[in-house]
Amino acid sequence: MAKDWQAVADAMNTRMEQLGLSQKELSERSKVSPATLRLMQQGAAASRSATTLAAVSTALGWKADHLEDVAAGRPGGGGEAPRDLHEEVQALRDEVAELRTGLEGLSAKVDRLTKG
């Protein structure tokens, strides 16, 4: 049975958008070249190794077999991989730090406006 590479592309692109991931970030996480990712995101009809599909799946927070299941037309796919607690805490810390930086910038602007 032929693989559905467009379904893989759609799943990848949707997930990247949900996660706010750029192609460069996905390449760094998955160790898959940007050129290969670009072809995958375009739905190019080219055979992809199970290793490549697993690396991209994992980098997108899915179980390793998710994109292989999508390509094969198996419903349900692999679903989301359970996240390591340390990874989850670090993601939350990063988000809080980003929010704190934004609030400090806004606070400084408000102070300048109220003093001026």
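Use the structure listed above.
Predicted model, so just to flag it, every value in this text is computed and none were measured.

(A) Seen up close, the nonpolar core. If you look at the biggest cluster of nonpolar residues, it comprises 18 residues, and the most contacted ones within it are V8, M12, L26, V56, L60 and L67. For this core, the secondary structure elements donating two or more residues are α1 (5–19), α3 (34–41), α4 (50–59) and α5 (66–72). Ranked by residues supplied to this core, first place goes to α1 with five residues.

(B) Broad picture of the pattern of salt bridges. On inspection of all chains with the given rule, the structure shows two salt bridges. Its salt-bridge partner being E68, residue K3 comes within 2.3 Å of it at the nearest N-O pair. Of the two residues, K3 is situated in the segment before α1 and E68 in helix α5; the sequence distance between them amounts to 65 residues. Among the salt bridges present, the one from R74 reaches D69, with a minimum N-O distance of 2.7 Å.

(C) Quick peek at α1. For α1, built from 15 residues, the straight-helix expectation of 21 Å at 1.5 Å per residue is met to within 8% by its first-to-last C-alpha distance of 21 Å. Considering only its buried residues, α1 is in contact with α2 (23–30), α3, α4 and α5. Of the residues flanking the start of α1, the one acting as N-cap is D4, its side-chain oxygen 3.3 Å from the backbone nitrogen of Q6. Among the residues trailing α1, G20 stands out with phi positive, at a value near 65 degrees.

(D) Highlighting the packing of α2 against α4. Following both chains from N to C, one finds α2 and α4 inclined at 115 degrees, their axes separated by 9 Å at the closest point. Here α2 lies roughly perpendicular to α4, going by the angle between them. Classified by chirality, the crossing of α4 by α2 is right-handed. Seen from α2, the contacting residues are L26, R29 and S30; seen from α4, they are A55, V56 and A59.

(E) Fine view of unusual backbone geometry. With a phi close to 65 degrees, K31 is a non-glycine residue in the positive phi region. In this structure, K31 sits in the loop between α2 and α3.

(F) The arrangement of the side chain of S57 in detail. Inspection of the secondary structure puts S57 in helix α4. For S57, the residues in contact, after removing those within four places along its chain, are W62, K63, A64, H66 and L67.

Procedures and definitions
- Residues numbered from 1 in each chain as written.
- Predicted model: local features only at pLDDT ≥ 70, side-chain atom pairs only at ≥ 80, totals over all residues.
- Heavy atoms only, no water.
- Core = buried A, V, L, I, M, F, W, Y, C linked by side-chain atoms within 4.5 Å.
- Buried < 20%, exposed > 50% of the residue type's maximum accessible area, 1.4 Å probe, protein only.
- Helix = DSSP H or I, 4+ residues; strand = E, 2+ residues; numbered from the N terminus.
- Salt bridge = Lys/Arg side-chain N within 4 Å of Asp/Glu carboxyl O.
- Expected span 1.5 Å × (residues − 1).
- Contact = heavy atoms within 4.5 Å.
- Polar contact = N/O pair within 3.5 Å; in protein donor to acceptor, adjacent residues only side chain to side chain.
- Axes fitted to C-alpha atoms, helices over the stretch in contact; angles between N-to-C directions.
- Parallel < 35°, antiparallel > 145°, perpendicular 65-115°, else oblique.
- Left-handed = near helix turned anticlockwise from the far one by under 90°.

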